[in-house]
Amino acid sequence: MRCLQVLLLGLLLLHQGCCFEFVIDGEWEDEMVTKHLYEISKSRSDIPSFSAQAIRGDDITVRSYKVESRITSRFSHTIVRSSVVNSGSTPQSIAFNVQIPKRAFITNFTMNVNGITFVGSVKEKTVARNLYAQARARNKAAGIIRTNSQDMETFKTEVHVPSGSNIEFELHYQEMMHRKLNLYEHTLHLQPGRLVPQLQVDVYIFEPKGIATVKASNTFGAQFADLIKVTSTKDKAHIVFKPTVQQQKQCENCTESAVEGVITVLYDVNRDSNAGELQVSDGHFVYFFAPSNLSPLPKNIVFVIDVSGSMWGVKMKQTVQAMKAILDDLTIDDYFSIVDFNHNVRCWSEELVPGSSIQIADAKRYIENIKPNGGTNINEALLRAVQMLVRASNHRVIDPRSVSMIILVSDGDPTVGEIKLSAIQKNVKRVMREEFSLFSLGIGFDVDYDFLERIAMENRGMAQRIYANHDAAEQLRAFYSQVSSPLLRKITVQFQADSVAEVTQNHFDKFFSGSELVVAGKVLPSESNTLTSFAIGSAARLDITLETDADTTELDAELAKQQHSFTGFARQMWAYLTIKQLIGERSLATTAVKKRKITQRIMTLAVEHQFVTPFTALLVESGDATERLLADSPKDPKHGCCSVVYQPPPWVHMPTPAPPMGELSASLPVDNDPHFIIHLPRSNMDICFNIDSKPGHILNLLSDSGTGVTVNGQLIGSKKVNKRTYFGTIGIYHQPDGISVIVSTDGITMTDGTNNHSFTWGSTAEIRQDGISIVKNSNVIITINNSTQVMVLLHRVWKKHPVNVDFLGIYIPNENQYSPLVHGLIGQFSIEPEVILYDIHKGADPLKKEATMEVKGNKLLVTRGWQKDYRRDKKRGSNVYCWFIHNSGKGFIDGHYSQYIVPNLSSFLHMP
């Protein structure tokens, strides 16, 4: 499964009308849209406990939820349909979410709302945007969907409809099945979120050469194992899952659905010989090459392992565990070494050594003693690894028919030595030989996966993201298994002269056991009904040439007889492969001219074959084309996820929300230090004060030993001494579950002492563990046991700003429920103090009034002013007028501010 193309679509249907409008809040290729009111999130499945219900709404009836996949010759077309009714008495929002594989291209989305049908069509991005702009100008439907290059994607639609409304959703997507470890895998995510009268999944497989094996599994629970039925014949299979409402229930008398998880279909096909399988249909051919029964080629591997400080803990433990298993897989014919790096680069052995039991035992002891610390010097580590392979090759230590590779394992961007990614890419490309390959494994989401993918592709390898969770070791081992048994090198697939055109990649550096090479193209007109292919490659002890042929009319006749086949598979697979390869070529293009030419080719193909790509958009419009939604994808996937932002048209009345009560705002340094805004509802006034503390100090904001919750903030300083301080890190700790959440300007981490879940500010995610939930959109909202909530905002500044640094703002709502033991700089105001204000008069600054305030037995001189609240307008903020308490809140807070300084981010406050 994969990190998301996540797609988002939002709709607002107001009363009986059909007027829609959206703006995007995210980075475009040439502009930044910043006006917004609130954000709808895009989710990522890197978080194991992430839950994205397919249908969301408070009082709705889901009549049906059906998924159908048609797989023909390893190419799938999947349709997800749902019919929903707003059975509540008031208008409400209904969401439709579908998780799809990363490799898939969405091909269409249609929606019917109370008889109004919206149908999708893929267009060049500029064309679609112009139509989108026209719709906006007329206050008609306008929306944007954007995607990123993460491992799993979630298509999200949200529609606000009146009571009694009927909504039908239908999403189409296509993908090619990739063979790994001798099996093709097709995954379908089911999370209807409720009991459904008509819940059904159908997967139809047709393989012309025959199906060797097929099986299906689920993650719903053992009680569903017998409900997934698999029937198969020689060349067809049907997998069906159709539970009744009673079977969907978590228990006999429950009203909640237990259907939440994944259905996985695994299968393989019959192969007549090692020569491959050639199929011709609809004027296109597809050639599948997956030889077996060949002796593995010897391999030479340099493992390059990141041991910087960020690898400490679970990541390193899992890496060591995986490496020990991988080392056990080496044979005496294999040569290997280990390079580990932080700010320095070390080698277990300066030369490649054979995989003997003695060497393997010594290597295991070496990696077991690694202690992660320091920075990340990727550049020098990779260059050192290449030097090892070059020396071994020059000194004829390794077999000339062997396969040489570097496997890089890292969890972060370079911080030491050469840190410019493009320079590292050039350096490695310069020294790598044609016979070497680089494979990149990125652990977690702090690493620039786009960079790892580029540097691997450019050096005849591939990249994979490893999720930093409990089974990271298994993920590492599974990846190694894919590349551990090379059977062929320097493979070329050829065809008879003047028989084919526009052929996809047909030269391959290596073929690994259990995988498959695929070549597609167009068949040229010919008097002959036979197409012939030749596969040439180098095996362990010989060079081979394998020939196969196919009748150019036979398959089309057979497909016409099949009820559930995908008749356009060859044409779509050719376009799919071509676009994927062009996207890869574009990322490696060295000039703007080359990039433009490749981009134009991608757009032309994507429009012709109706694929939503980073360079095309899906325009969803009503029958009369007056109301439109735009599905848009970013050019640069490294920008990560994005947000769809709802902005109502001018004719929609939006009530102004009342200011929250009992809030802390540390979102802007005023008078050099973080400021606090306390709203007192009974007195109907806002009180502000600063805290005059030092960088490094940790201030307790909320401490409730009764519920076991504490919230602390650590200060950082500006770039100039004796200037402003800011909150740079926020720590939230829940003692009963032993779970801590650390929010810094670099990212967000949740840990329970055993497992870590980390993600960056560029991501969007939802994670739940025990009683803790984290929702990451443009901000981070942490909720504990549905009773305590904390929101944190990130404020970025210009990187070269001479003074300011990135900092955090934190907001704690008054609705939180605490025990009587709650305290802290903010927690103490959960019980509102009595405040009397009098003697209001002009102050020394004529623009700022002064007054006397009596509170907690103290008389204080206060000044009228204003501070900024950034929740609704993150860029400019909104003014909050308040009475300012001088001297770090003295007289308003209990005791002296220094008494709120605690030793660490999980500390509880102990006031004397």
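None of these values were measured; they are calculated from a predicted model.

A. Up close: the overall build of the protein chain. Each helix and strand in the protein chain was counted, giving 12 helices and 56 strands. Per-residue burial for the protein chain yields a buried fraction of 59% across its 912 residues. Only carbon and sulfur atoms are counted for the fraction: they give 49% of the accessible area of the protein chain, which is about 37,300 Å².

B. Focus on unusual backbone geometry. In the Ramachandran plot, Asn 684 falls in the positive-phi region, its phi being about 55 degrees despite a non-glycine side chain. Relative to the assigned elements, Asn 684 resides in the loop between strand 39 (673–680) and strand 40 (685–690). A positive phi is found at Asn 785, a non-glycine position, where the angle reads about 50 degrees. For Asn 785, the location among the structural elements is in the loop between strand 49 (780–784) and strand 50 (788–795).

C. Spotlight on helix 11 (residues 592–609). In this model, helix 11 (18 residues) spans 26 Å end to end at C-alpha, consistent with the 26 Å of a helix rising 1.5 Å per residue. Residues Ile 598, Thr 599, Ile 602, Met 603, Leu 605, Ala 606 and His 609 constitute the buried set of helix 11. Count one or two residues on from helix 11 and you reach Gln 610, which has phi positive near 60 degrees.

D. Molecular detail of the sheet that holds strand 21 (residues 284–289). If you trace the 4 strands from one edge of the open sheet to the other, you get 20-21-32-30, paired in antiparallel fashion. Edge positions in the sheet fall to strand 20 (277–281) and strand 30 (500–501), since each has one partner strand and no second. Taken together, the 5 bridges between strand 20 and strand 21 define a ladder with antiparallel strand orientation. If you follow Glu 277 over to strand 21, its bridge partner there is Phe 288. Here helix 10 (residues 569–588) sits on the sheet and contacts strand 20, strand 21 and strand 32 (517–523); the angle it forms with strand 21, its principal contact strand, is near 70 degrees.

E. Local environment of the pattern of salt bridges. Here the structure, examined in full by the defined rule, presents 29 salt bridges. Put simply, Arg 401 and Asp 543 hold a salt bridge, and the shortest N to O gap is 3.2 Å. Placement of the pair is Arg 401 in the loop between helix 5 (378–394) and strand 26 (403–410) and Asp 543 in strand 34 (residues 543–551), with a sequence separation of 142 residues. In this structure Arg 401 comes out as partly exposed when scored by relative accessible area, which is 24%.

F. Fine view of the state of the cysteines. For the structure on display, the rule yields 2 disulfides. A disulfide bridge connects Cys 688 with Cys 882, and the sulfur atoms are separated by 2.0 Å. Taking the sign of the S-S torsion, about -115 degrees here, the bridge from Cys 688 to Cys 882 comes out left-handed. With Cys 688 in strand 40 and Cys 882 in strand 55 (residues 878–885), this residue pair connects regions lying 194 residues apart in the sequence. Residue Cys 688 shares its accessibility class with Cys 882, and that shared class is buried.

G. Spotlight on the environment of Val 741. Mapped onto the fold, Val 741 is located in strand 44 (residues 739–744). Take Val 741: its relative accessible area is 1%, and that puts it in the buried class. Once the C-alpha coordinates of Val 741 and Leu 905 are considered, the two residues, 164 residues apart in sequence, prove to be 9.5 Å apart. Excluding residues that lie within four positions of it along the chain, Val 741 makes contacts with Ile 730, Gly 731, Ile 732, Ile 748, Thr 749, Met 750, Ile 772, Ile 774 and Ile 782.

H. Molecular detail of the environment of Ile 398. As for its placement among the helices and strands, Ile 398 is situated in the loop between helix 5 and strand 26. Sequence-wise, Ile 398 and Pro 354 are 44 residues apart; in three dimensions their C-alpha atoms are separated by 9.5 Å.

I. The arrangement of the packing of aromatic side chains in detail. Per the counting criterion, the structure on display carries 20 aromatic pairs. Taking 5.2 Å as the distance between ring centres and 35 degrees as the angle between the ring planes, the aromatic pair formed by Tyr 184 and Tyr 267 counts as tilted. Here Tyr 184 is found in strand 14 (residues 183–190), whereas its partner Tyr 267 is found in strand 19 (residues 261–269), with 83 residues between them in sequence. Ring centres of Phe 336 and Trp 348 lie 5.1 Å apart, and the angle between their planes is 20 degrees; on these two criteria the pair is classed as stacked. With Phe 336 in strand 23 (residues 335–341) and Trp 348 in the loop between strand 24 (345–347) and strand 25 (353–354), this pair connects stretches of sequence that are 12 residues apart. Taken individually, Phe 336 and Trp 348 each receive the classification buried, so the pair is uniform in this respect. Three or more aromatic residues joined by ring pairs form one cluster here, namely Phe 75, Phe 105, Phe 566, Tyr 576 and Phe 611. Across the ring face of Phe 288, the terminal group of Arg 74 is positioned such that the distance to the ring centre comes to 3.7 Å. Just above the ring of Phe 105 sits the side chain of Lys 580; from NZ or CZ to the centre is 4.5 Å.

J. Region of interest: the sheet that holds strand 34. Taken in spatial order, the 4 strands line up as 31-29-33-34 in an open sheet, and their pairing is antiparallel. Since the sheet does not close on itself, it has two edges, and those belong to strand 31 (507–512) and strand 34, each with one partner. Strand-to-strand twist in this sheet, taken as the mean axis angle between neighbours without regard to direction, amounts to 30 degrees. Taken together, the 5 bridges between strand 29 (residues 486–495) and strand 33 (residues 530–538) define a ladder with antiparallel strand orientation. Paired with Val 493 across the strands is Ala 535, a residue of strand 33.

K. Highlighting the packing of helix 10 against helix 11. Remark: helix 10 packs on helix 11, axes separated minimally by 10 Å, with the N-to-C direction vectors making an angle of 155 degrees. Of the possible angle classes, the one that applies to helix 10 and helix 11 is roughly antiparallel. Between helix 10 and helix 11 lies a crossing whose hand is left-handed. Taken together, the residues of helix 11 that come into contact with helix 10 (itself represented by Arg 571, Gln 572, Trp 574, Ala 575, Thr 578, Ile 579, Leu 582, Ile 583, Glu 585 and Arg 586) are Lys 595, Ile 598, Thr 599, Arg 601, Ile 602, Leu 605, Ala 606, Glu 608 and His 609. Residues of the contact of helix 10 with helix 11, tallied by class, amount to 9 nonpolar, 4 polar and 6 charged.

L. The environment of His 675, seen in detail. With respect to the element layout, His 675 can be found in strand 39. The sequence separation of His 675 and Phe 884 amounts to 209 residues, and the corresponding C-alpha distance is 9.8 Å.

M. Up close: the nonpolar core. Counting residues in hydrophobic clusters, the biggest one holds 55 residues, and the most contacted among them are Ile 730, Val 741, Val 743, Ile 782, Met 853 and Phe 892. If you tally residues by element for this core, the top one is strand 41 (residues 698–704), at 4 residues. Apart from the residues lying within four places of it in its own chain, the contact partners of Val 743 are Gly 728, Thr 729, Ile 730, Ile 748, Trp 761, Ile 782, Val 792 and Leu 808. By size, the runner-up hydrophobic cluster in this structure holds 52 residues, among which are Ile 71, Leu 227, Ile 239 and Ala 258.

N. The arrangement of the side chain of Asn 427 in detail. Here Asn 427 is to be found in helix 6 (residues 421–431). Here Asn 379 takes part through its side chain, which lies 3.1 Å from a polar atom of the side chain of Asn 427. A distance of 3.1 Å separates the side chain of Asn 427 from the side chain of Arg 430, its partner in a polar contact. Setting aside residues up to four positions removed in sequence, Asn 427 forms contacts with Asn 379, Leu 383 and Glu 418.

O. Representation of the pairing of strand 29. For strand 29, the tally of buried residues reaches 8 of 10 residues, placing the bulk of the element in the interior. In this structure, strand 29 lies alongside strand 31, joined through 5 bridges in antiparallel fashion. For Leu 488, the partnering residue across the bridge sits in strand 31 and is Phe 511.

P. Summary view of the confidence of the model for the protein chain. Per-residue confidence for the protein chain averages 81 on the pLDDT scale, and 82% of its residues sit at or above 70. Taken as a whole, residues 1–51 scores under 50 in pLDDT and shows 235 contacts with residues more than four places along the chain or in a different chain. Here residues 633–673 is a poorly scored stretch, pLDDT under 50, and it has 149 contacts once near neighbours within four places are set aside; other chains count.

Cut-off values and rules
Residues numbered from 1 in each chain as written. Predicted model: local features only at pLDDT ≥ 70, side-chain atom pairs only at ≥ 80, totals over all residues. Heavy atoms only, no water. Helix = DSSP H or I, 4+ residues; strand = E, 2+ residues; numbered from the N terminus. Buried < 20%, exposed > 50% of the residue type's maximum accessible area, 1.4 Å probe, protein only. Areas by Shrake-Rupley, 256 points an atom, 1.4 Å probe, with all protein chains shown as cover. Expected span 1.5 Å × (residues − 1). Pairing = 2+ DSSP bridges. Contact = heavy atoms within 4.5 Å. Axes fitted to C-alpha atoms, helices over the stretch in contact; angles between N-to-C directions. Salt bridge = Lys/Arg side-chain N within 4 Å of Asp/Glu carboxyl O. Disulfide = S-S within 2.5 Å. Phe/Tyr/Trp six-rings, centres within 6.5 Å; stacked < 30°, edge-to-face > 60°. Lys NZ or Arg CZ within 6 Å of the ring centre and 35° of its normal. Parallel < 35°, antiparallel > 145°, perpendicular 65-115°, else oblique. Left-handed = near helix turned anticlockwise from the far one by under 90°. Nonpolar A, V, L, I, M, F, W, Y, C, P; charged D, E, K, R; others polar. Core = buried A, V, L, I, M, F, W, Y, C linked by side-chain atoms within 4.5 Å. Polar contact = N/O pair within 3.5 Å; in protein donor to acceptor, adjacent residues only side chain to side chain. pLDDT = per-residue confidence, 0-100.

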